[in-house]
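Residue strings, one per chain:
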Amino acid sequence: MKKPTKKPEAAKTEKPFPLPVNEARGEVPLWIGDVPLVLAAEMGRLSAVSSRLQCKSLNDLFIRLSGVEASATWAAIELLAVKGNVMKALEKLQLRHFEACGIAFNAILAHHFDGDEGNAEAVDETA
């Protein structure tokens, strides 16, 4: 009996991100499996992450987030998400998602460290 031949997989195309992302406010999109989230490094949220992780400095927080340490990644997803189903995302979180998490964390932190003042009008529109 002849084995069925495997059909080549269709080229993967990025699916459109279904949630609005206000980049002027420093928001970034993140997929955890099939769950879309929008993260933002607002100061209150960063403070909550820092407190939960018992960071001693901003540098400590930055290193733990950019290094995608497991507890830091969990806390950051939970506390920095401003849109999306956080609980569903955390249920689906696997080590393979950590690279995308690291990219997202670095992007939201860069918004503060790069001196980007953002677009005040866009921020006011979301408030």
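Since the structure is predicted, the reported quantities are computational estimates derived from the model, not experimental observations.

Caption draft 1: How the structure looks around the confidence of the model for the protein. Here the protein shows a mean pLDDT of 83. Residues at 70 or above account for 77%. Note that pLDDT drops below 50 for residues 7-12; the model gives that stretch zero contacts with residues more than four away or on any other chain.

Caption draft 2: Quick peek at the pattern of salt bridges. Evaluation of the coordinates by the stated rule reveals seven salt bridges. The salt bridge partner of Arg-45 is Glu-42, with a shortest N-O separation of 2.6 Å. For Arg-45, a relative accessible area of 27% puts it in the partly exposed group. On the accessibility criterion, Glu-42 (28% relative accessible area) is partly exposed.

Caption draft 3: Looking closely at the environment of Asn-22. Here Asn-22 is to be found in the segment before β1 (28-32). We classify Asn-22 as buried; its relative accessible area is 13%. Considered as a pair, Asn-22 and Val-38 are 16 residues apart in the sequence and their alpha carbons are 9.0 Å apart.

Caption draft 4: Representation of the packing of aromatic side chains. The tally for this structure, following the rule as stated, stands at one aromatic pair. Aromatic side chains Phe-17 and Trp-31 sit 5.4 Å apart centroid to centroid with 80° between the ring planes, which places their arrangement in the edge-to-face category. Of this pair, Phe-17 sits in the segment before β1 while Trp-31 is found in strand β1, placing the two residues 14 residues apart along the sequence. Of the residues examined, Trp-31 reaches a relative accessible area of 25% and is grouped as partly exposed. We note Lys-15 situated over the ring of Trp-31; from NZ or CZ to the ring centre the distance is 4.3 Å.

Caption draft 5: The arrangement of the sheet that holds β1 in detail. Spatially, the three strands line up as an open sheet ordered β1-β2-β3, and their pairing is antiparallel. The open sheet terminates on both sides in strands that have one partner only, identified here as β1 and β3 (81-84). Ignoring strand direction, the axes of neighbouring strands in this sheet form an average angle of 30°. Note that β1 and strand β2 (residues 35-39) share five bridges and pair antiparallel. Looking across to β2, one finds that Val-28 is bridged to Leu-39. On top of the sheet, helix α3 (residues 70-80) reaches β1, β2 and β3; it is set at about 70° to β3, its chief contact.

Cut-off values and rules
Residues numbered from 1 in each chain as written. Predicted model: local features only at pLDDT ≥ 70, side-chain atom pairs only at ≥ 80, totals over all residues. Heavy atoms only, no water. pLDDT = per-residue confidence, 0-100. Contact = heavy atoms within 4.5 Å. Salt bridge = Lys/Arg side-chain N within 4 Å of Asp/Glu carboxyl O. Buried < 20%, exposed > 50% of the residue type's maximum accessible area, 1.4 Å probe, protein only. Helix = DSSP H or I, 4+ residues; strand = E, 2+ residues; numbered from the N terminus. Phe/Tyr/Trp six-rings, centres within 6.5 Å; stacked < 30°, edge-to-face > 60°. Lys NZ or Arg CZ within 6 Å of the ring centre and 35° of its normal. Pairing = 2+ DSSP bridges. Axes fitted to C-alpha atoms, helices over the stretch in contact; angles between N-to-C directions.

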